[in-house]
Amino acid sequence: MNRRPPFHRLIDRHGRTLWAYFMAATGSKETASDLTQETFLQAFRGWKRFRGESKPFTWLYAIARKILARHYRRAGVERRAEERLKSEAAGSCPGDSSDEERGFMIRQAVSQLSEPFREAILLHYFADLSVARIAESLGIPEGTVKSRLARGRKILNRMWEQV
Amino acid sequence: MNGITEQDLKQEGERVLGSAPPDLEARLGRAVRRDRTIRIRAAVAALAAILLIGGYILTRAPGQRSSPESAALGTPDYLNVALISPPEESPIHLDGEPICAAIYPPLLNGVVRVYFDEQDLTSIAERNDHFIILDPPRETAAGPHLLRLELIDQEGKLRGEPTWVIYIL
């Protein structure tokens, strides 16, 4: 039995979630919009092949991950983000309010985490996914997600103290 | 400065999510539709080229055979009408690829009427001399539907009435 929902429903349900994921990962609204669009275009082209064996978000997220990895590879974004973090730590941060400044630094710190922790933090806090849904999307037990979140937060705090 | 608490992460997550463009979904929808149209037009152009070359070769070959489609249409000259999308017996989604049929040779100055479940949808179909593209109405129920074309040449003569069953999911 085919359990695919209409494609436009995927956009309505998961468009913002993926955008927030990309935004937190890249720090740029424009890049987030481009990568979200690329994800949905790729998804649409492969929509016929989606058999409904996994949940649509799991499938979309698998595409999003690949697109983000390719973006990092192409643009050397990680290296640039690192450089930006160093310069921001030494000088001023973009944004007018201290909230924005702190938010920016939090996102930069998150981008420095190694992938398993960064992914868990991005999906849980930025893409607003539950632990159960992250576990399903990544194909790992819920306990692993919880421990990645806890360890990720601990590493973030250590990084914050150093800054 | 205090450390990063779970509350900080939640707040920043909410702030990021809240900063998404308000028309994000509409923009994504438009991008998907635009991409679909571009890909269909490219496929249609490629097919048109194949049909033109194929037609040229056929018309030049001695003792050419009549095509099965034209026999089915009962037309005196060969007139092929092929359903390009969906592929044979494949179901379609309402927001997936549209229904697309190719006509060869082109029906110059003729009229093509499009009937979907015997409802005349000619006005919403996209048409040129070679192709008919139809997006079934959004409210179409899932299940089998009948698509019928009426091909009328410039002299007002009915040249063919191909009919297909389209399955909508």
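Everything discussed here concerns the structure shown above.
Keep in mind that what you see is a predicted model, and the values were worked out from it rather than measured.

(A) Highlighting helix α1 (residues 7-26) of chain A. At H14 of chain A, α1 of chain A is bent by approximately 50°, the largest bend along its length. Here α1 of chain A lies mainly inside the structure; 15 of its 20 residues are buried.

(B) View of the interface of chain B and chain A. On the side of chain A, 41 residues touch chain B, which itself brings 37 residues to the contact. Both faces considered, chain B and chain A share a buried interface measuring about 3400 Å² in area, 64% of it formed by carbon and sulfur atoms. Here chain B is connected to chain A by 5 salt bridges. Connecting chain B to chain A are 8 residue pairs in polar contact (both at pLDDT 80 or more). Contributions of two or more residues to the side of chain B that touches chain A are made by α1 (6-18) and α2 (24-60) of chain B. Among the elements that take part in the side of chain B that touches chain A, α2 of chain B stands out by supplying 11 residues, more than any other.

(C) Summary view of a nonpolar patch on the surface. Residues and elements named next belong to chain B. Together, L146, V165 and Y167 give the surface a local cluster of nonpolar side chains, amounting to about 250 Å² of exposed area. Secondary-structure assignment places V165 in strand β9 (residues 163-168). With a relative accessible area of 45%, V165 lands in the partly exposed category.

(D) Expanded view of unusual backbone geometry. Residue and element names in this part refer to chain B. Located in the positive-phi region is D117, a residue other than glycine, with phi close to 55°. Looking at D117, the relative accessible area reads 40%, which means it is partly exposed. With a phi close to 65°, E118 is a non-glycine residue in the positive phi region. Checked against the element boundaries, E118 lands in the loop between β3 (111-116) and β4 (119-120).

(E) Local environment of the side chain of T140 of chain B. Residues and elements named next belong to chain B. Counting through the fold element by element, T140 comes out in the loop between β6 (131-134) and β7 (143-152). Accessibility expressed as a relative area gives 14% for T140, which makes it buried. A distance of 2.6 Å separates a polar side-chain atom of T140 from the backbone oxygen of P137. Apart from the residues lying within four places of it in its own chain, the contact partners of T140 are L94, F116, H145 and I168.

(F) Geometry of the nonpolar core. Residues F7, Y21, F40, V110, I121 and F126 of chain A together with L9 of chain B are the most contacted members of the largest nonpolar core, which totals 60 residues. Each of two domains, domain 1 (1-75) and domain 2 (113-163) of chain A, supplies a minimum of three residues to this core.

(G) Spotlight on the sheet that holds strand β2 (residues 99-104) of chain B. Residues and elements named next belong to chain B. Read across the sheet, 4 strands follow the order β1-β2-β6-β5 without closing on themselves; strand pairing throughout is antiparallel. Where the open sheet ends on each side, the last strands, each with one partner, are β1 (80-85) and β5 (126-127). Direction of pairing for β1 relative to β2: antiparallel, over a ladder of 5 bridges. Across the sheet, S85 pairs through a bridge with C100, a residue of β2.

(H) Molecular detail of the packing of aromatic side chains. Summed over all chains, the structure comprises 9 aromatic pairs over all chains. Centre to centre, the rings of W47 of chain A and F50 of chain A are 5.5 Å apart; their planes meet at 10°, and the pair counts as stacked. Look at W47 of chain A and you get buried, because its relative accessible area is 4%. Lying across the ring of Y115 of chain B, R148 of chain B places its NZ or CZ 4.4 Å from the centre.

Conventions adopted
- Residues numbered from 1 in each chain as written.
- Chains lettered and ligands numbered in written order.
- Predicted model: local features only at pLDDT ≥ 70, side-chain atom pairs only at ≥ 80, totals over all residues.
- Heavy atoms only, no water.
- Bend = angle between axes of the 7 residues up to and from the residue.
- Helix = DSSP H or I, 4+ residues; strand = E, 2+ residues; numbered from the N terminus.
- Buried < 20%, exposed > 50% of the residue type's maximum accessible area, 1.4 Å probe, protein only.
- Contact = heavy atoms within 4.5 Å.
- Buried area = accessible area lost by both parts, 1.4 Å probe.
- Salt bridge = Lys/Arg side-chain N within 4 Å of Asp/Glu carboxyl O.
- Polar contact = N/O pair within 3.5 Å; in protein donor to acceptor, adjacent residues only side chain to side chain.
- Patch = residues over 30% accessible without salt bridge, like charges linked within 9 Å, V, L, I, M, F, W, Y side chains within 5 Å.
- Areas by Shrake-Rupley, 256 points an atom, 1.4 Å probe, with all protein chains shown as cover.
- Core = buried A, V, L, I, M, F, W, Y, C linked by side-chain atoms within 4.5 Å.
- Domains from an automatic or database assignment.
- Pairing = 2+ DSSP bridges.
- Phe/Tyr/Trp six-rings, centres within 6.5 Å; stacked < 30°, edge-to-face > 60°.
- Lys NZ or Arg CZ within 6 Å of the ring centre and 35° of its normal.

Keep in mind these values describe shape, not function.
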